[in-house]
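Here is what each chain is made of, one letter per residue.
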Amino acid sequence: MIFHNVEGIFNLFHTIQYSFGTTAKFFLDPPLSQEQKNSARFVNNNYTDRTPGCVTNMVKNLKWESLEERRKTNRLCMLFKIQHDLIDIDRHQYLTPNDNRTRGKNRFFQERTSTDTYGQSFFPRTIRDWNNLPTTVTATNTVEGFRAALKACSERK
């Protein structure tokens, strides 16, 4: 995809960032795996070892979740908060309950997307992940309980 108006995209990013504040990271999800690698080197104070896999081993030894997994957890927690009206986002505008005869309780209608850009945006991507969660995770009542159930679910995999 080629953007002809780079300045417009830049302004859009800043508008979203300042409008949503810290919430913007849930809507804009750039890959930052290099940031985690640099952080692992910093924490271990090891900038000289350049053998293949050394940074991966540092991250494993630190028992850090991957950034991808942390982002997924944060997106799902944000959706949990939206669903339970803990955040001032109109859930009825974005979340449509699915028919629970086939998929179980606490599932949302997954809209078909024609573009990959929209398909990877917050709501379609997070609803897809949400619908794949066990009912025991989605039926929790508190954010802390949801986060704990989500962590327990991901550890079983």
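Here, the structure is the one placed above.
Okay, so let's go over this structure. In this text the structure is predicted, and so the values were computed from the model without any measurement. (Residues numbered from 1 in each chain as written. Predicted model: local features only at pLDDT ≥ 70, side-chain atom pairs only at ≥ 80, totals over all residues. Heavy atoms only, no water.)

### Observations regarding the environment of Thr 142
Then, number 1: Structurally, the position occupied by Thr 142 is in the loop between helix 10 (135-138) and helix 11 (143-156).
Then, number 2: On the accessibility criterion, Thr 142 (41% relative accessible area) is partly exposed.
Then, number 3: Put simply, Thr 142 and His 84 are 58 residues apart on the chain and 9.0 Å apart in space, counted from C-alpha to C-alpha.
Then, number 4: A distance of 2.9 Å separates a polar side-chain atom of Thr 142 from the backbone nitrogen of Gly 145. (Helix = DSSP H or I, 4+ residues; strand = E, 2+ residues; numbered from the N terminus. Buried < 20%, exposed > 50% of the residue type's maximum accessible area, 1.4 Å probe, protein only. Polar contact = N/O pair within 3.5 Å; in protein donor to acceptor, adjacent residues only side chain to side chain.)

### Some remarks on the nonpolar core
Then, number 1: One finds Trp 130 and Phe 146 to be the most contacted residues of the largest nonpolar core, which totals 20 residues.
Then, number 2: Broken down by secondary-structure element, the contributors of at least two residues to this core are helix 5 (67-83), helix 9 (122-131) and helix 11.
Then, number 3: For this core, the element with the highest residue contribution is helix 5, accounting for six residues.
Then, number 4: In this structure Phe 146 touches Leu 76, Cys 77, Phe 80, Trp 130, Leu 133, Val 137, Thr 138 and Thr 140, once residues within four positions along its chain are discounted.
Then, number 5: With five residues, the next largest nonpolar core counts Ala 40, Cys 54, Val 55 and Met 58 among its residues. (Core = buried A, V, L, I, M, F, W, Y, C linked by side-chain atoms within 4.5 Å. Contact = heavy atoms within 4.5 Å.)

### Considerations on a nonpolar patch on the surface
Then, number 1: On the surface, Phe 42, Val 43, Tyr 47 and Trp 64 cluster together to form a nonpolar patch covering roughly 420 Å² of accessible area.
Then, number 2: Secondary-structure assignment places Trp 64 in the loop between helix 4 (54-62) and helix 5. (Patch = residues over 30% accessible without salt bridge, like charges linked within 9 Å, V, L, I, M, F, W, Y side chains within 5 Å. Areas by Shrake-Rupley, 256 points an atom, 1.4 Å probe, with all protein chains shown as cover. Salt bridge = Lys/Arg side-chain N within 4 Å of Asp/Glu carboxyl O.)

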